[in-house]
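# Structural overview
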Amino acid sequence: MSLVVIDDLHVSVDGKEILKGISIEIKHGEVHAIMGPNGTGKSTLSYTISGRNGYEVTKGSILVNGKNILDMDVHERSLMGIFHAFQYPIEIPGVTTSNFLKSTINARRRYQGLEDIDAVEFLKLINEKMKLLNMDPDIIKRPLNVAFSGGEKKRAEILQMSVLEPIFGILDETDSGLDIDALKIVSGGINSLINDTRCFLLITHYQRLLNYVIPDYVHVLIDGCIVETGDKSLPDTLEAEGYSRFELKA
Amino acid sequence: MFYCQQRGMNPEEAVALIVNGFCRDVLQKLPMEFAVEAQKLVGISLEGSVG
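Within any chain, residue numbers begin from 1 and follow the written order of that chain's sequence. Starting at A for chains and at 1 for ligands, labels are handed out in the order in which the entities are written. This being a predicted model, a pLDDT of at least 70 is required before a residue's local features are given, and a value of 80 or more before pairs of side-chain atoms are given or counted; all residues contribute to the totals for chains, interfaces and linings. Heavy atoms throughout the structure, all of them, feed into the side-chain values; hydrogens and water do not.

Another aspect to go through is the sheet that holds strand 3 (residues 31-35) of chain A. Residues and elements named next belong to chain A. With mixed pairing, six strands are arranged side by side in an open sheet as 6-7-8-3-9-10. Looking at strand neighbours, the two that pair on one side only are strand 6 (82-85) and strand 10 (225-230), the edges of this open sheet. When the angles between neighbouring strand axes are averaged without regard to direction, this sheet yields 20 degrees. DSSP bridges decide pairing: two strands pair if at least two such bridges lie between them. Secondary structure elements follow DSSP: runs of H or I of four or more residues count as helices, runs of E of two or more count as strands, with numbering from the N terminus. The sheet contact formed by strand 7 (residues 168-172) and strand 8 (residues 199-204) spans five bridges and is parallel. The residue bridging Asp-172 from the neighbouring strand is Ile-203, located in strand 8. Helix axes are fitted only over the stretch in contact, all axes being lines through C-alpha atoms; the angle between N-to-C directions runs from 0 to 180 degrees.

Turning next to the pairing of strand 4 (residues 56-64) of chain A. Residues and elements named next belong to chain A. For strand 1 (residues 4-13) and strand 4, the ladder comprises seven bridges, and the chain directions are antiparallel. Within strand 4, the position partnered with His-10 by the bridge is Lys-59. As defined by bridge partners, strand 4 adjoins strand 5 (residues 67-68) across two bridges and the pair is classed as antiparallel. Paired with Val-64 across the strands is Lys-67, a residue of strand 5. Connecting strand 4 to the next strand, strand 5, in antiparallel fashion are two residues, including Asn-65 with a positive phi near 55 degrees.

So, about helix 2 (residues 11-27) of chain B. Residues and elements named next belong to chain B. In a regular helix each residue adds 1.5 Å, so 17 residues correspond to 24 Å; helix 2 covers 24 Å between its end C-alpha atoms and thus fits that length. The rule is simple: take the accessible area with a 1.4 Å probe, protein chains only, and divide by the maximum for that residue type; under 20% is buried, over 50% is exposed, in between is partly exposed. Every buried residue of helix 2 is accounted for by Ala-14, Leu-17, Gly-21, Cys-23 and Leu-27. Any N or O atom pair separated by 3.5 Å or less is treated as a polar contact, with the protein-specific requirement of one donor-capable and one acceptor-capable atom, and with residues adjacent in sequence counted only for side-chain atom pairs. For helix 2, the N-terminal capping position is held by Asn-10, with its side-chain oxygen 3.1 Å away from the main-chain nitrogen of Glu-12. Helices are assigned an expected span. That span is 1.5 Å times one less than the residue count.

Residues and elements named next belong to chain A. With a phi close to 55 degrees, Asn-65 is a non-glycine residue in the positive phi region. Tracing the chain through its elements places Asn-65 in the loop between strand 4 and strand 5. Judged by its relative accessible area of 44%, Asn-65 falls in the partly exposed class. You will see that Glu-165, though not glycine, has its phi angle at about 45 degrees, which is positive.

Structure representation (structure tokens):
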């Protein structure tokens, strides 16, 4: 059974239908990419999966690890292993990155019936993950995302993902705002997490992230529908021809 | 709120974290003796107040 099964998903926002019957199956170990122009429903799909208010599922279902997640609260979805890396990570004044990470780790540990993480173990874990992402160790003393550069915010998202070890990671425009060096580091972070216990959905405008994190399948989303699914060579075609060739079909 | 919950905190934990952080941010701008007292008060009044 596939790890993620999205079946005929219809989603409305403010009464307007944005997703018009999306079906995607992602197996263990697979990376799928969703590409498409602005305003076609890419972010709607990620918010619907993570469970944000205001994204009304009018038809269809989403199963993750065999469970229907649509009846679950946002934090329950997170605790069962869904991680959504945000396009625009939220600033949390007064809460250090270190404190935030500890809160997320402990929420997960309590859910698993474990004791809170001890300070030494925590620091060891964080330092190891930060080194992998080439992050300044002092960043954990600063309030989360407050006055972070675009690249620092995206790295902080991947840092959280790597400590929470999700089974289903959704990366919404993680490549936007990154220079080429940061893109390589962030891609390396994502690649280090890919294994047979989890799967990923990459949402992106551009091909460049997909040069570093190689997808198994690429879906093109236009006007709330998947108009084409291909392998890793599809982005090359898109890059050359643009999305205009789909506009006649859509 | 949504962001914290997406990271696994339940609504009560998320509110406590955000409010505490916000207060800390403000309290840091106060003189030391005030700040210590006020932080204790925030801790007390938050317990069990959300849910």
